[in-house]
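A closer look at the structure
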Amino acid sequence: MGKPVVAIVGRPNVGKSTLFNVLAGEMISIVKDTPGVTRDRIYADVNWLDRDFTLIDTGGIEPESKDIIISQMREQAQIAIDTADVIVFITDVRQGLIDADFKVADLLRRSGKPVVLTVNKVDNFDKFMPDVYEFYNLGIGDPVPISASSRLGLGDFLDEVVAHFPEHTGEEEEDERPRVAIVGKPNVGKSSIVNRLVGKQRVIVSNVAGTTRDAIDTEIVHNGKEYVFIDTAGLRRKNKIKEELERYSIIRTVTAVERADVVLVVIDATEGVTEQDAKIAGIAHERGKGIIIVVNKWDAIEKNDKTMREYESKIRQVLSFIPYAEIMYVSAETGQRLPKMFDVIDMVIENQTLRIATGVLNEIMTEAVAMQQPPSDKGKRLKLYYITQVAIKPPTFVIFVNDKELMHFSYTRYLENRIREAFGFRGTALKFFIRERK
Ligand code: GDP
Ligand code: GDP
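Throughout this description, residue numbers start from 1 for each chain and increase along the sequence as written. Whichever chain is written first becomes A and whichever ligand is written first becomes 1, with later ones labelled in order. In view of the model being predicted, local features appear only for residues whose pLDDT reaches at least 70, and side-chain atom pairs are presented and counted only at 80 or more, with totals across whole chains, interfaces and linings using the full set of residues.

Secondary structure follows DSSP: runs of H or I at least 4 residues long count as helices, runs of E at least 2 residues long count as strands, and numbering of each begins at the N terminus. On a plain count of helices and strands, the chain comes out with 12 helices and 17 strands. For the purpose of contact definition, each residue receives a C-beta atom placed from its backbone, and two residues are in contact when these atoms lie within 7 Å. Contacts spanning at least 24 positions in sequence make up 75% of the contacts within the chain whose residues lie at least 6 apart.

Encoded structure:
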């Protein structure tokens, strides 16, 4: 299962971004930059006491007027309710409580989602504690005092957040069904694909309060085997502000991808591959998920014997950071090649759960080193001692070397290619950690 998702909600200036940056930046942020992908920090990976979670800042741009604060907060709260496992509702001890806080608290309470009521700017616990008690009036539990900017109370706060995560005992409800997220820009055909696979028109869930994200998971049985499709198309927002819409769609994508084994990145053949597609694919890559690029509406373009190759080369160019991704050309309209998608999904899952014996890996590395000398710097040459696989989903390898600094990105890439030549690993990212052994 994916990591828990924690969403931050609160009105402007209570300290949402300050808290986000403190948690994301200093308490270990393991998000690496993906080539060609730029984004502001809407989400980050956080680790606390061996629990990993994805943190999301639902706060968007500053509203121009006070009247729209309430509607904007409702919107944020709804996003959090739709996507998060735990909601952090931030208030400000200095501004005190306002009407909008009560409205949001009501909405959150009715959702039934766990809420951590956080009171920020408690820069001096002795002095401000009496004011913190006022926040019991919101009726959503015990207020947790913090000071984001002075980093006070953050340990207790994180304990409280983590306490709401589902217990991972490992045994109960071990869900073996492949989980497939279907992502992409609006109108590329995500819903059409799911509907076609389901075989009948599915009812799209409306965004009424209390609608949970699970409502848009669709179970599909193919050849007697069950798959869970996680669809980001179901909930649509009528927000007119472009930045807000984009933020929302990134949040939806991140949370869907987080819960998936394999991600179908749907591209519209009539439009071709775009930078926005790259941004979306980058989210799946960063998270180490299996990736299948699904070029949809293949029925709607003029084709000759070169078309497929031309598409492929353009896609490989724009999405150059995921050369391992599978590509499929389908039509939700005619159903062309859709059944084959299940075989590709199965293949990708098999690859991301593949375990290679250490002996075999080391043979390949020794051979690779013999064929291409490792880099050196100032007379010192990189020595590779040992490689071993430490995890699956994605397959993750540790390479022990004499000096980390000497391990160039390009040499890791070279080793990755040799490993791929030997074992395929099509459709899945591979991760490498370089460790020094003295
Ligand atoms: P956002 O609009 O909710 O994202 O709020 P920001 O994170 O931008 O913070 C708004 C203002 O509150 C900034 O001037 C911050 O420096 C300040 N601030 C944030 N956290 C604290 C805190 O713990 N104590 C105090 N005194 N100020 C804070
Ligand atoms: P979503 O926003 O990604 O879920 O996209 P929809 O499934 O709502 O599809 C957007 C539009 O593209 C609709 O008008 C569909 O009828 C059309 N569409 C979807 N798939 C195909 C396809 O394979 N071929 C053609 N010609 N049109 C398609």
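What follows concerns the nonpolar core. Within soluble globular proteins, side chains that are nonpolar tend to cluster in buried spots. In this structure, Val88 and Val265 are the most contacted members of the largest nonpolar core, which totals 108 residues. Excluding its chain neighbours within four sequence positions, the residues that come into contact with Val265 are Val183, Gly184, Asp277, Ile280, Ala281, Ala284, Ile291, Ile293 and Val294. Buried Ala, Val, Leu, Ile, Met, Phe, Trp, Tyr and Cys residues whose C-beta atoms connect them within 7 Å together make up a nonpolar core. Here the C-beta atoms are placed from the backbone, and a residue counts as buried if at least 20 other C-beta atoms lie within 10 Å of its own, exposed if 12 or fewer do, and partly exposed otherwise.

Okay, the pairing of strand E7 (residues 179–183) next. Burial within E7 is extensive, with five of its five residues counted as buried. In E7, alternate side chains face the same way, and those of Arg179, Ala181 and Val183 on one face and Val180 and Ile182 on the other are all buried. Bridge count for E7 against strand E9 (residues 225–231) is four bridges, and the pairing is parallel. Residue Val180 lies in a different strand from E9, and its bridge partner there is Phe229. In this sheet, strand E10 (residues 262–268) lies alongside E7 in parallel orientation, the contact comprising four bridges. Directly across from Ile182, in E10, lies its bridge partner Leu264. Two strands are counted as paired when DSSP detects at least two bridges linking them.

Lining the immediate environment of ligand 1, one finds 16 residues, of which Gly15, Lys16, Ser17, Thr18 and Ser147 sit closest. By residue number, the principal contributor to the shell around ligand 1 is helix H1 (residues 16–26), which donates three residues. Here the shell around ligand 1 is built from residues that sort into three nonpolar, 10 polar and three charged. Think of it this way: take the backbone, place a C-beta atom on it, and check whether that atom is within 6 Å of the molecule or strand, in which case the residue is near it. Amino acid classes used here: Ala, Val, Leu, Ile, Met, Phe, Trp, Tyr, Cys and Pro are nonpolar; Asp, Glu, Lys and Arg are charged; the rest, including Gly, are polar.

Here we take up the sheet that holds strand E15 (residues 384–391). Read from one edge to the other, the open sheet built from three strands follows the order E15-E16-E17, with strand pairing classed as mixed. Both outer strands of the open sheet, E15 and strand E17 (431–436), are each paired with one neighbouring strand and no more. Looking at each pair of strands side by side, their axes are set apart by 25° on average, direction ignored. As paired elements, E15 and strand E16 (residues 396–401) share six bridges and run antiparallel to each other. The residue of E16 that forms the bridge with Ala391 is Thr396. To get an axis, a line is fitted to the C-alpha atoms, and for a helix only the part in contact is used. The angle between two axes follows their N-to-C directions and goes from 0 to 180 degrees.

Across the two faces of E16 the burial differs, with Phe397, Ile399 and Val401 buried and Thr396, Val398 and Phe400 not buried at all. Turn length for the E15-E16 hairpin, with the two strands adjacent in sequence and antiparallel, is four residues, and the turn residue Lys393 shows positive phi of about 50°. Bridge count for E16 against E17 is six bridges, and the pairing is parallel. The partner of Val398 across the bridge, within E17, is Phe433. Looking down the strands as they point away from you, a crossover is right-handed if its path from the first strand over the helix to the second goes clockwise. Of the crossover connections in this fold, the one passing from E16 over helix H12 (residues 409–423) to the parallel E17 is right-handed.

To continue, consider the site of ligand 2. With respect to spatial proximity, 16 residues lie near ligand 2, and among them Gly189, Lys190, Ser191, Ser192 and Glu333 are the closest. Tallying contributions element by element places helix H6 (residues 190–198) first for the shell around ligand 2, with three residues. For the shell around ligand 2, the per-class residue count stands at five nonpolar, seven polar and four charged.

This part takes up the environment of Ile292. Within the fold, Ile292 resides in strand E11 (residues 290–296). Considering only alpha carbons, one finds Ile292 and Ile327, 35 residues apart in sequence, at a separation of 5.7 Å. With near-sequence residues (within four places) excluded, Ile292 lies in contact with Val262, Leu264, Ala325, Glu326, Met328, Val344, Val348 and Gly427.

With that settled, consider the confidence of the model for the chain. Within the chain, residue pLDDT values average 85, and 86% of them lie at 70 or more. Under a pLDDT of 50 for its full length, residues 27–39 has, in the predicted model, 24 contacts with residues more than four places off or in other chains. For every residue, the predictor assigns a confidence score, pLDDT, that lies between 0 and 100.

Once that is clear, we can look at helix H10 (residues 340–352). Its 13 residues place the ends of H10 19 Å apart at the C-alpha level, agreeing with the 18 Å of an ideal helix rising 1.5 Å per residue. Buried within H10 we find Met341, Val344, Ile345, Val348, Ile349, Asn351 and Gln352. Seen along its axis, H10 keeps its buried residues to an arc of 160°; they face one direction. Opposite the buried face of H10, by more than 90 degrees, sit the exposed residues Lys340 and Asp343. On the buried face of H10, the contacting elements are E7, E10, E11 and strand E12 (326–329). One less than the number of residues in a helix, times 1.5 Å, gives the span that helix is expected to have. An arc is given here, and it is the one of the directions from the helix axis to the C-beta atoms.

Next up on the list: the environment of Val360. Structurally, the position occupied by Val360 is in helix H11 (residues 358–371). Separated by 351 residues in the primary sequence, Val360 and Val9 have C-alpha atoms spaced 50 Å apart.

Next up on the list: the packing of H11 against H12. Close contact between H11 and H12 brings their axes to 10 Å; oriented N to C, the two are set at 125°. Classified by the angle between their axes, H11 and H12 sit oblique to one another. The element H11 and its partner H12 pack so that their crossing is right-handed. Here H11 contributes Ile364, Met365 and Ala368 to the contact with H12, which in turn contributes Tyr414, Leu415, Arg418, Ile419 and Ala422. Any angle between 65 and 115 degrees counts as roughly perpendicular, while under 35 counts as roughly parallel, over 145 as roughly antiparallel, and the rest as oblique. Note: crossing handedness is left-handed where the near helix turns anticlockwise from the far helix by less than a right angle, and right-handed where it turns clockwise.

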